[in-house]
Amino acid sequence: MEKDKLLYTLLKTPVSHYIYDSNINKIESISQGLYNYLFSNTASQNVEILNEIKYLQEKGLLLPCELEDVEETISDAMIEYYLNNKLKMLSLQLTQRCNFRCSYCMFTNSIDNRSHSNKRMAIETAFSAIDFFSKRVSDSKSVNIGFYGGEPLLEFNTIKECVSYAKNKLKGKPLTFSITTNASLLTESIMEYFVANDVNVLVSLDGPKEIHDYNRKNCFDGAGTFDLVFSNLKRLLSNSTFKNYISINAVINPSYSFEKYNDFFNLSDFENVTIYSPIVSLPKERSPLFSKQFFNSMKFDKYLHMINMTEHKEIAKFSISAPYKESLRNVYEVLKTKTTLPKKRNHSGPCMPGNKRTFVTVDGMFLPCEKVSECNPNNYIGSIKSGFDIHSIRKIMNSTSCIKDKCRKCWAIRFCDVCAKIANSNNDESVAILQRHCSSFRNSIKNNILDVIAIEEVRNYEKSNSVSL
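Residues numbered from 1 in each chain as written. Predicted model: local features only at pLDDT ≥ 70, side-chain atom pairs only at ≥ 80, totals over all residues. Heavy atoms only, no water.

Thoughts on a nonpolar patch on the surface
Here comes step 1: A surface patch of nonpolar side chains, about 370 Å² in accessible area, is lined by Phe300, Tyr303, Leu304 and Ile307.
Here comes step 2: The residue Ile307 is located in helix α11 (residues 292-310) in this model.
Here comes step 3: Among the residues examined, Ile307 registers a relative accessible area of 34% and is labelled partly exposed. (Patch = residues over 30% accessible without salt bridge, like charges linked within 9 Å, V, L, I, M, F, W, Y side chains within 5 Å. Areas by Shrake-Rupley, 256 points an atom, 1.4 Å probe, with all protein chains shown as cover. Salt bridge = Lys/Arg side-chain N within 4 Å of Asp/Glu carboxyl O. Helix = DSSP H or I, 4+ residues; strand = E, 2+ residues; numbered from the N terminus. Buried < 20%, exposed > 50% of the residue type's maximum accessible area, 1.4 Å probe, protein only.)

Section: the sheet that holds strand β1 (residues 8-12)
Picture the strands of a sheet paired through backbone hydrogen bonds; they go either parallel or antiparallel.
Here comes step 1: In spatial order, the strands read β1-β2-β3; together these three strands make up an open sheet with antiparallel pairing. Unpaired on one side and paired on the other, β1 and β3 (26-30) mark the two borders of the sheet. Shown here is a sheet whose adjacent strand axes are inclined to one another by a mean of 25°, direction ignored.
Here comes step 2: Here strand β2 (residues 17-21) runs beside β3; their pairing, made up of five bridges, is antiparallel. Bridge pairing links Ile19 to Glu28 in β3.
Here comes step 3: Against the sheet, helix α15 (residues 428-459) touches β1, β2 and β3, its axis set at about 50° to β1. (Pairing = 2+ DSSP bridges. Axes fitted to C-alpha atoms, helices over the stretch in contact; angles between N-to-C directions. Contact = heavy atoms within 4.5 Å.)

With respect to a positive patch on the surface
Here comes step 1: Together, Lys88, Lys356, Lys371 and Lys421 make up a positively charged patch on the protein surface.
Here comes step 2: Of note, Lys88 is situated in the loop between α3 (76-85) and β5 (89-93).
Here comes step 3: Residue Lys88 is classed as partly exposed on the basis of its relative accessible area, which comes to 44%. (Lys, Arg positive; Asp, Glu negative; His and termini not counted. Charge placed at Lys NZ, Arg CZ, Asp CG, Glu CD.)

Points about the packing of α3 against helix α13 (residues 390-397)
Here comes step 1: Contact pair α3 / α13: the axes reach a minimum separation of 11 Å and the direction vectors enclose 105°. Compared by their axis directions, α3 and α13 come out roughly perpendicular. Here Asp76, Ile79, Glu80 and Leu83 of α3 lie close against α13, whose contacting residues are Ile390, Ile393, Arg394 and Met397.
Here comes step 2: Classifying every residue of the contact of α3 with α13 gives five nonpolar, no polar and three charged. (Parallel < 35°, antiparallel > 145°, perpendicular 65-115°, else oblique. Nonpolar A, V, L, I, M, F, W, Y, C, P; charged D, E, K, R; others polar.)

As for unusual backbone geometry
Here comes step 1: For the bond from Gly149 to Gly150, the omega torsion is 15°, close enough to zero to count as cis.
Here comes step 2: With respect to the secondary-structure elements, Gly150 resides in the loop between β7 (143-148) and α5 (156-169).
Here comes step 3: The phi dihedral of Asn25 falls on the positive side, at around 60°, and the residue is not glycine.
Here comes step 4: Checked against the element boundaries, Asn25 lands in the loop between β2 and β3.
Here comes step 5: A relative accessible area of 0% means that Asn25 is categorised as buried.

Examining the sheet that holds strand β11 (residues 246-249)
Here comes step 1: Taking strand neighbours across the sheet as the criterion, the eight strands line up as β12-β11-β9-β8-β7-β5-β14-β15 in an open arrangement whose pairing is mixed. Looking at strand neighbours, the two that pair on one side only are β12 (275-276) and β15 (366-367), the edges of this open sheet.
Here comes step 2: The pairing of β7 with strand β8 (residues 175-181) spans five bridges and is parallel. Counted as the bridge partner of Val143 is Leu175 from β8.
Here comes step 3: Relative to β8, α5 is tilted by about 165°, and along the sheet it contacts β5, β7 and β8.

Observations concerning the packing of aromatic side chains
Here comes step 1: Here the structure, examined in full by the defined rule, presents 22 aromatic pairs.
Here comes step 2: Between Phe230 and Phe264, the ring centres sit 5.5 Å apart and the planes meet at 50°, which makes this aromatic pair tilted. Note that Phe230 is positioned in helix α8 (residues 226-237) and Phe264 in helix α10 (residues 258-265), a separation of 34 residues in sequence.
Here comes step 3: Overall, the relative accessible area of 15% leaves Phe230 in the buried class. (Phe/Tyr/Trp six-rings, centres within 6.5 Å; stacked < 30°, edge-to-face > 60°.)

Structure (structure tokens):
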């Protein structure tokens, strides 16, 4: 057995030893002896190990992987079908203006993205984008149009014109709208309009005053914005109808204690309100340090998630580890596919740019989403005038081509999350960025797989001391 031709990783829990074989996408319990043999290049074989290897090979594990190339295999014709018939969401960048200056915003003090400006989307551009979108949703069950900024409520009149126009153009197609806002301009009359027109509102509120004001300041004098945002939000959430259309995005700063977040978001004002809680993402030199208390609370929060998942239950509405819960679900989802890796396949990171979301800049240019840099020409996938650029889209779908030899030998290829927002230039800098990301991601996904195994060990405790997935 030539180990260098196999694609696997070893896993160990307090209960048992396991192998995850990426070639057939299966987790299998193994003996400690085989674990030690596979882990070490010096451990010797014995009859028991040879018999166990033979047994596993008969089940399809520990066989040479035939993956020779990592490249997107979907045909141009299929890409064109999805982009011409199955678009799902149109995001309109109505303005690059914003009345806030948030320290973690990708447009504030950014060295690799645009800065805030006074540019705004002309109504003709918005209508043309809606025309383009409406012609390409024939096979989509439902569609969404989102309003993005800057601060999109600075262009509320444009929003109203777009909603009216889109309803007419997309008659007969289930249509919803969404907006991401700092809520500084959100009033009862605007919410009444949003409710009447099925516009879901995502409000940015980072927690209690001390935390929110640290990052989210107004653009005029740098003063905190909590008092204005919270008073607006509190008033709107007191209306049960409005409440059904409002959710909250709380960007978590781990230098503060979890209890401050937990106490605040468990106020009665937020009862039955969905709260998203991503941890702040900043360049390494500006990233906040995790406080010991926050780190311990996050570990305990993850533990609660695991305990509740063993019993198929949900935990409290606010959780700093909600993204972790989604990552565990993703592991379960990936493990459902029981097929052998082919000679050529894509890594699982990039979506098909333009299909899931078409982000339209104020100038009518297309990007895969709002998270990618507008200053990187490699990220553009077309325009309203020229349509989708299939060549650029395929390049983004193969954004790891500069390291594909490493991808081919990566046991985590089925779980890969690399896309254009991480790196999208075939140069030395991109190679370095991707390699750092990949190393971190493999460690993260390995820990998630171990947690899934632990959950299944508890669920199967009375049947067996180990699991097979």
